[in-house]
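Secondary and tertiary structure notes
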Amino acid sequence: MFKRILIANRGEIAKRIINAAQEMGIETVAIYSEVDEDSVHVHAADYSYPLGDPTPASSYLNMEKIIKIALESQSEAIHPGYGFLSENSEFAQKVIDNGIIFIGPTPEAIFSVGDKIQAKKTMKKAGIPVIPGYHGGSRNIDYLLKKARDIGFPLMIKATAGGGGRGMRIVESEDEFIESFESAKREAKGAFGSGDVFLEKYLPHIRHIEFQVLGDKYGKIIHLNERECSIQRRHQKIIEETPSTALNPELRKKMGKIAISAAQAVNYSNAGSVEFVLDDTTGKFYFLEINARLQVEHAITEAVTGIDLVKWQIKIAAGQNLTINQEDIISRGHALEFRIYAENPEKQFLPSSGTIYQVQVPVGVNIRNDLGISTLGGRISTYYDPMIAKLIVHAETREEAIQKMRWALRNYSAQGIPTNIAFLREVLNKKAFQEGDTHTTFVENHFNKWQGNQKETPVEVFLAAALFEVMEPFLSTGQDTASNSLINGIDHYYSPWSKLGTWGRESLDAMSGKLTTTIGRGKAVIKKILPKVGDDFHSSFLPDSDPHSPWRKMGSWQLGKKNTRKL
Amino acid sequence: MSDIFTFDDGRKRREVRLRRDEKNNFFVVVGDKEIQVQAKVLGVGQFQFTLDNIIYKVNVSTNGDTRFIHLDGEDYEIRRVSSLETEFDEIDEAEGGLKSPMPGRIVKIFVKQGQKVKRGQDLISIEAMKMENRITAPYDGIITKILFSVGDQVEANIPLIELENIESEEINEE
């Protein structure tokens, strides 16, 4: 096993990988740009090296600098995380050429799935269904227009080198084609350095289903079931869940098999995702792409399978055999991931930036917080992705997972800049979401021109603000105007509250003694953050009632007679 | 002895009157009611208060006059109105929509100075984090000034275009 690895990434994913490595007894090396000096990953790692200039090209995308640091720090391997250099075959090759192990698939595999057109051709040859389209690589606008007519409208223009919704346009009719083409080309050029695009039939009512695959260097490859990532905005995922409400065991088996053949067609190793679009009205599905990296949403698969994907990535890269067999993979319960973004849902989800003063995260059974910033706050810069954190919950059923997520989000607070938290809370209230009616058009169908929570501010909020004014001056040092926090406690001798004594149990008891209510002594009514459940809240995905449930046979979560996980 | 605090949630203003009696008990005056209130610090930026037998847990942080408040599972952003500030200060400068929504680079300008535009028409395309965003006309009008050109970097909330409202102009002429 490695002694030391470098993590060529930042924020929550760097922290996630650092944790996994440290648990395995591997030392970690973080890299950071100027603006990330105080970022969580820098302090979590055993060693940290500065990259300087924060622009991505000269920091987290700077291959030479990163490899130099890896050599200098005597790192034996590099984990690229997601985004940045994770799907760059040139980088993977350079890493290998410098005698360092790349934690990920081979450069050849990255290359063959990185070119989406080539990947689709390969898949078609391997007998895997792909969406009808034009992947010829022509840049001639007249020819492309002719091809567009052949495919039929609506269609989609996508960047050949793209991902994450950049350089992507939906064209409803022929007269929009040229303008959309120009705009997609411009965006693709800016984002990926190449303005090449391809055309594809646009399927309006689809779900986005991906299968997690894991393979070792010796040809063994398994899948870890699906994730549904249909709920997107700006063609980027915000909510993921597993299992999908659209898959039954037969379809899961069929798609899983095809996912494995797709991965085998490019000799894939390490962790990756095979993405499909599923038309659940017909049950037809098409290969979309292979993401040759760890996904943002890998955590939900970890939750239901109990398998640590990052640790396996490292073990596989170190040359170990994948000792898990396909039949060992059993998903239990239901997991949801909601991504917390610095953005304005009211303004077409435009990214926001600035200082977050504090983050309060929910803590509880089967709640996982993958945080990109400290709970004491931090800056969200404009240089990188505006994702603040991931909130992952896991419960026995989908219904309970929704309830848990509702509780968790109500206890979530990230203050200082606009975030999507209120929007995410609202998603949980949508009947369509509760019923599992999730498609890629979910956000535009249910949140078109959403103007935030228009409820009146409760009087308690104004009272809280007034109390804060009274309390705050006695709590800060007086010099530090930037102080945002109540740190010193309320017993400062200037405090008007000090004479009230401490506010521990005694005073609560004393207080309740004065109360002439029915609640009894020693207890105060605590207005709790309880989820409000509507009468019509039903989920059809209870293990007992859902004929498609893969866990039906297992019963709920009592420990099984035999251990199904032979790790 | 009592203190009055005024806050604005963007829709309306609200006064909160806190009164302290000689025994140092605090009372809040809400409408015509006066209720005793008690508070306790829980942690950084976090406290709880008891009102009417109900304990509320609150997270507060501040930025200038802005108060970010998390209470009862929801988030609020309100502004402290200083006692000197009068209602007259409140007149909004612009209808908005013509300011840059975020920091970024201008990639396309669809209009020319002096051009008449319809509500909803594309004016400027701005790119940030590799995503294009279009700013559209919030009302019918005439472009009186374009303040930037293609390729310029702009900060968030900076005016990009001056657009004169046609309707209001016609009213003025009458």
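Values in this document were obtained by computation on a predicted structure and should not be read as measured data.

Digging into the pairing of strand S13 (residues 270–279) of chain A
The side chains of a regular strand alternate between the sheet's two faces. Residue and element names in this part refer to chain A. In terms of residue burial, S13 counts as a mostly covered element, since 10 of its 10 residues are buried. Summarising the sheet, strand S10 (residues 207–215) and S13 pair through 9 bridges and their orientation is antiparallel. The residue of S13 that forms the bridge with Leu214 is Ala271. Between S13 and strand S14 (residues 284–291), which pair antiparallel and follow one another directly, the connecting turn spans 4 residues, one of which, Gly283, has a positive phi of 75°.

Some details on the side chain of His439 of chain A
Residues and elements named next belong to chain A. Tracing the backbone shows His439 in the loop between helix H14 (431–434) and helix H15 (442–446). At 3.1 Å, the side chain of His439 and the side chain of Asp280 are in polar contact. Once residues within four sequence positions are removed from consideration, His439 is found in contact with His205, Ile206, Arg207, Ser230, Ile231 and Asp280.

Focus on the sheet that holds S14 of chain A
All names here are of chain A. Read from one edge to the other, the open sheet built from 8 strands follows the order S14-S13-S10-S11-S12-S15-S22-S20, with strand pairing classed as antiparallel. Strand pairing shows two members of the sheet lacking a second neighbour, S14 and strand S20 (367–371), which therefore form its edges. The average undirected angle you get between the axes of adjacent strands in this sheet is 25°. Summarising the sheet, S20 and strand S22 (residues 387–395) pair through 5 bridges and their orientation is antiparallel.

Re the nonpolar core
Residue and element names in this part refer to chain A. Counting 73 residues, the largest nonpolar core has Ile5, Leu214, Phe338, Leu409, Tyr412, Phe423 and Phe433 as its most contacted members. Every residue in contact with Leu214, bar those within four places of it in the chain, is listed here: Lys220, Ile221, Ile222, Leu224, Asn270, Ala271, Leu309, Trp312, Ile316 and Leu322. In terms of nonpolar packing, the next biggest core, distinct from the first, is built from 48 residues, Ala8, Ala92, Ala263 and Phe285 among them.

With respect to the environment of Ala156 of chain B
Residues and elements named next belong to chain B. Locating Ala156 in the fold gives a position in the loop between strand S14 (153–154) and strand S15 (161–165). Note on Ala156: relative accessible area 35%, which makes it partly exposed. Counting along the chain gives 35 residues from Ala156 to Gln121, while the straight-line C-alpha distance between them is 21 Å. Residues in contact with Ala156, not counting those within four places in the same chain, are Ser100, Met102 and Pro103.

Brief notes about the pattern of salt bridges
Taken as a whole and judged by the stated rule, the model has 40 salt bridges over all chains. In this structure, Glu64 of chain A engages Lys94 of chain A in a salt bridge whose closest nitrogen and oxygen atoms are separated by 2.9 Å. In this pair, Glu64 of chain A sits in helix H3 (residues 63–72) while Lys94 of chain A sits in helix H4 (residues 89–97), placing the two residues 30 residues apart along the sequence. The class of Lys94 of chain A is partly exposed, set by a relative accessible area of 27%. For Asp8 of chain B, the salt bridge is made with Arg13 of chain B, and the minimal N-O distance between the two is 3.4 Å. You can call Arg13 of chain B partly exposed: its relative accessible area is 22%. When salt bridges with common partners are traced through the structure, they connect Glu210, Arg227, Lys237, Glu240, Glu275, Glu297, Glu337 and Arg339 of chain A into a single cluster.

Structural notes on the sheet that holds S15 of chain B
With antiparallel pairing, the 3 strands of this open sheet are ordered in space as S10-S13-S15 (chain B). Strand pairing shows two members of the sheet lacking a second neighbour, strand S10 (116–117) and S15 of chain B, which therefore form its edges.

Examining the confidence of the model for chain B
All names here are of chain B. The pLDDT averaged across chain B works out to 79; a share of 83% of its residues lies at or above 70. The lowest-confidence element of chain B is helix H1 (residues 166–173), averaging 51 in pLDDT; the highest-confidence one is strand S7 (residues 66–71), averaging 93. Every residue in residues 86–96 scores below 50 in pLDDT, and together they form 10 contacts with partners more than four places removed in sequence or on other chains. Throughout residues 169–174 the model reports pLDDT below 50, and contacts reaching past four residues in sequence, or to other chains, amount to 2 contacts. Quick note on the complex model: pTM equals 0.75, ipTM equals 0.73.

Brief notes about the pairing of strand S1 (residues 2–8) of chain B
Residues and elements named next belong to chain B. Bridging between S1 and strand S2 (residues 13–20) involves 7 bridges; their strand directions are antiparallel. Across the sheet, the residue bridging to Phe7 is Arg14, located in S2. Where S1 folds back on S2, the antiparallel hairpin that results is connected by 4 residues, among which Gly10 adopts a positive phi of roughly 95°.

With respect to the packing of aromatic side chains
Residues and elements named next belong to chain A. One pass over the structure, following the stated rule, counts 20 aromatic pairs over all chains. For the ring pair Phe153 and Phe177, a centre distance of 6.5 Å and an interplane angle of 80° mean the geometry is edge-to-face. Within this pair, whereas Phe153 is found in the loop between helix H7 (141–151) and strand S7 (155–159), its partner Phe177 is found in helix H8 (residues 177–192), the two being separated by 24 residues in sequence. Of the residues examined, Phe153 reaches a relative accessible area of 24% and is grouped as partly exposed. Seen in terms of ring centroids, Phe423 and Trp450 are 5.6 Å apart; in terms of plane orientation they differ by 70°. Their pairing is edge-to-face. Residue Phe423 is located in helix H13 (residues 421–429), and its partner Trp450 is located in the loop between H15 and helix H16 (459–475); the two are separated by 27 residues in the primary sequence. The pair formed by Phe423 and Trp450 is uniform in burial state, with each residue classed as buried.

Here is what the cut-offs are and how they apply
- Along every chain, residues carry numbers that run from 1 in the direction the sequence is written.
- As a convention, the first chain written is A and the first ligand written is 1, with the rest following in written order.
- Thresholds applied to this predicted model are a pLDDT of at least 70 for local features of residues and 80 or more for the giving and counting of side-chain atom pairs; totals over whole chains, interfaces and linings are not thresholded and use all residues.
- The side-chain values count all of the structure's non-hydrogen atoms but skip hydrogen atoms and water molecules.
- For the exposure calls, accessible area comes from a 1.4 Å probe over protein chains only, and a residue counts as buried if that area is under 20% of its type's maximum, exposed if over 50%, partly exposed in between.
- Runs of H or I in DSSP of at least four residues are treated as helices and runs of E of at least two as strands, each being numbered from the N terminus.
- Note on pairing: two strands pair once DSSP finds at least 2 bridges between them.
- Two N or O atoms count as a polar contact when they lie within 3.5 Å, although within protein this holds only if one can serve as hydrogen donor and the other as acceptor, and sequence-adjacent residues are included solely when both atoms are side-chain atoms.
- By definition in these notes, contact holds between two residues if any of their heavy atoms fall within 4.5 Å.
- Lines fitted to the C-alpha atoms define the axes, with helices restricted to the stretch that makes contact. Angles between their N-to-C directions range from 0 to 180 degrees.
- Among buried residues, the Ala, Val, Leu, Ile, Met, Phe, Trp, Tyr and Cys ones that are joined through side-chain atoms within 4.5 Å form a nonpolar core.
- Salt bridge, as applied in this entry: a Lys or Arg side-chain nitrogen positioned within 4 Å of an Asp or Glu carboxyl oxygen.
- Scored between 0 and 100, pLDDT is the confidence that the predictor attaches to each residue.
- Working definition: a ring pair exists when centres of Phe, Tyr or Trp rings (six-membered ring for Trp) sit within 6.5 Å. Plane angles under 30 degrees give stacked, over 60 give edge-to-face, the rest tilted.

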